[in-house]
Amino acid sequence: PRSSDDSNVVRIGRVTRPTAEPATVKPRRFDQAQEVADAFKAGQPVIMNLEESDREIARRLIDFASGLCYALDGSMEKVANGVYLLKPAGSAHTADS
């Protein structure tokens with residue numbers, strides 16, 4: 001008879017790269033949000049620099065990034081005026097890293 005213990009079961013989960021270097025993106029148009037999302041979805045932290053973006057575009061990109069982080073269980077923190085760090089779930093990066 002088989003035992004009820006599952007020590008022979010291999011669990012497959014989401015793979016993240018907590019040691020991955022952050023991608024730095026300086027979007028100036030809203031259609032560049034896909035570049036942010038693609039890196040983030042791949043498990044890479046993203047530094048989104050909006051210092052040179054139009055105010056309205058920057059607001060839309062912040063809203064987009066916030067929703068992206070929420071949907072994928074990540075987080076977002078402001079690290080400087082107009083600069084945000086998007087951290088995927090399980091990422092070890094902090095603003096000080």
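This write-up is about the structure you can find in this document. Keep in mind that this is a model prediction, so the values were computed, not measured. (Residues numbered from 1 in each chain as written. Predicted model: local features only at pLDDT ≥ 70, side-chain atom pairs only at ≥ 80, totals over all residues. Heavy atoms only, no water.)

As a further point, take helix α2 (residues 55-71). An ideal rise of 1.5 Å per residue puts 24 Å on 17 residues; α2 measures up with 24 Å between its terminal C-alpha atoms. In this fold, the buried residues of α2 make contact with α1 (33-41), β2 (46-49), β3 (75-80) and β4 (83-87). The N-capping residue of α2, defined by a side-chain oxygen 3.1 Å from the backbone nitrogen of E56, is D54. Positive backbone phi, at 60°, marks D73, one or two positions downstream of α2. (Helix = DSSP H or I, 4+ residues; strand = E, 2+ residues; numbered from the N terminus. Expected span 1.5 Å × (residues − 1). Contact = heavy atoms within 4.5 Å. Polar contact = N/O pair within 3.5 Å; in protein donor to acceptor, adjacent residues only side chain to side chain.)

A separate point is the sheet that holds strand β1 (residues 23-25). Strand order in the open sheet formed by four strands is β1-β2-β4-β3, with mixed pairing between adjacent strands. The open sheet terminates on both sides in strands that have one partner only, identified here as β1 and β3. Within the sheet, the average angular offset between the axes of one strand and its neighbour, ignoring direction, is 20°. Its contacts with the sheet put α1 on β1, β2 and β4, and the angle it makes with β2 is roughly 165°. (Pairing = 2+ DSSP bridges. Axes fitted to C-alpha atoms, helices over the stretch in contact; angles between N-to-C directions.)

Shape is all these values report; function is a separate question.
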